[in-house]
Amino acid sequence: MRQGIARIGLIDGLFESAPAVWHKEILSALAAGAAIWGAASMGALRAAELHCFGMTGIGKIFEQYVSGERYADADVAVVHAPAELGHLPLTVALVDVEASLARLSDRGVLDRRDIAALAAAACRLHFKDRTWSRVVHEAERNAGDTDRLLARVSQHAFSQKTLDAEALLAELAKPATETGSADRAEKFRLNRTYFLNALERRT
């Protein structure tokens, strides 16, 4: 904001090894007139929580959270590699598992029994343990042949988080006149807090 940037997109962030993007930071930027979009992961969460203050959500995952269809933060969480390895995901988010299973079902690749077993297994696994291999092996005793399932899932799995992130980037790539006004300061009154003041002093 201090550099004059008035259009901001939020996609993802950390939440254990570093402070997560703070609601008050976003509200402060909105009150100052910034236009802020969120999608995919932490961006979808914050957009669902702050859309009534003027933050704009994009994508299917945002729609699931804002409608109440989805509510757990952990549904978008993954373990990933460090920066030196490009932050590559080491586990798969529940939102991506469920989107992939829906595609497998729609295309008739797997039957209802397999889909139900895989979905239940994915829900049981902690986000730090959830890989496609673990999901399939956890479901195997109910869903049939492990190798067959893993091969079919691997062929059709995709990332809804990636699609939503790409939609946000496409929105930001448009000229500012096409994405709406950034003047949102009159929509609410920002309540100052000790922590917000301290953050601003530190920066």
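This text follows the structure it describes.
None of these values were measured; they are calculated from a predicted model.

### Quick word on helix α9 (residues 194-202)
In step 1: Inspection of α9 places L196, A198 and L199 among the buried residues, and these make up the whole buried set. Taken around the axis of α9, the buried residues stretch over an arc of 160°, which confines them to a single face. For α9, exposure combined with an orientation more than 90 degrees from the buried face picks out Y194 and R201.
In step 2: The inward-facing, buried residues of α9 abut α1 (23-31).

### Quick look at the environment of S133
In step 1: In this fold, S133 is placed in helix α6 (residues 132-143).
In step 2: A relative accessible area of 34% means that S133 is categorised as partly exposed.

### Here we look at the layout of surface pockets
In step 1: Volume-wise, the largest pocket comes out at about 890 Å³.
In step 2: Taken together, 37 residues make up the lining of the largest pocket; nearest its centre are D12, A77, V78, H80 and K161.
In step 3: For the lining of the largest pocket, the secondary structure elements donating two or more residues are α2 (42-50) and α8 (160-173).
In step 4: Here the residues of the lining of the largest pocket sort into 21 nonpolar, nine polar and seven charged.
In step 5: Roughly 510 Å³ of volume is contained in the second largest pocket.
In step 6: Along its surface, the second largest pocket is lined by 15 residues, and M1, E25, I26, S28 and A29 are the ones closest to its centre.

So, how was this worked out
- Residues numbered from 1 in each chain as written.
- Predicted model: local features only at pLDDT ≥ 70, side-chain atom pairs only at ≥ 80, totals over all residues.
- Heavy atoms only, no water.
- Buried < 20%, exposed > 50% of the residue type's maximum accessible area, 1.4 Å probe, protein only.
- Helix = DSSP H or I, 4+ residues; strand = E, 2+ residues; numbered from the N terminus.
- Arc of directions from axis to C-beta.
- Contact = heavy atoms within 4.5 Å.
- 1 Å grid on protein atoms, 1.4 Å probe; cavity = no way out; pocket = protein on both sides within 12 Å on 5 of 7 lines; lining within 4 Å.
- Points joined across faces, edges and corners; volume = space filled by probe spheres on them.
- Nonpolar A, V, L, I, M, F, W, Y, C, P; charged D, E, K, R; others polar.

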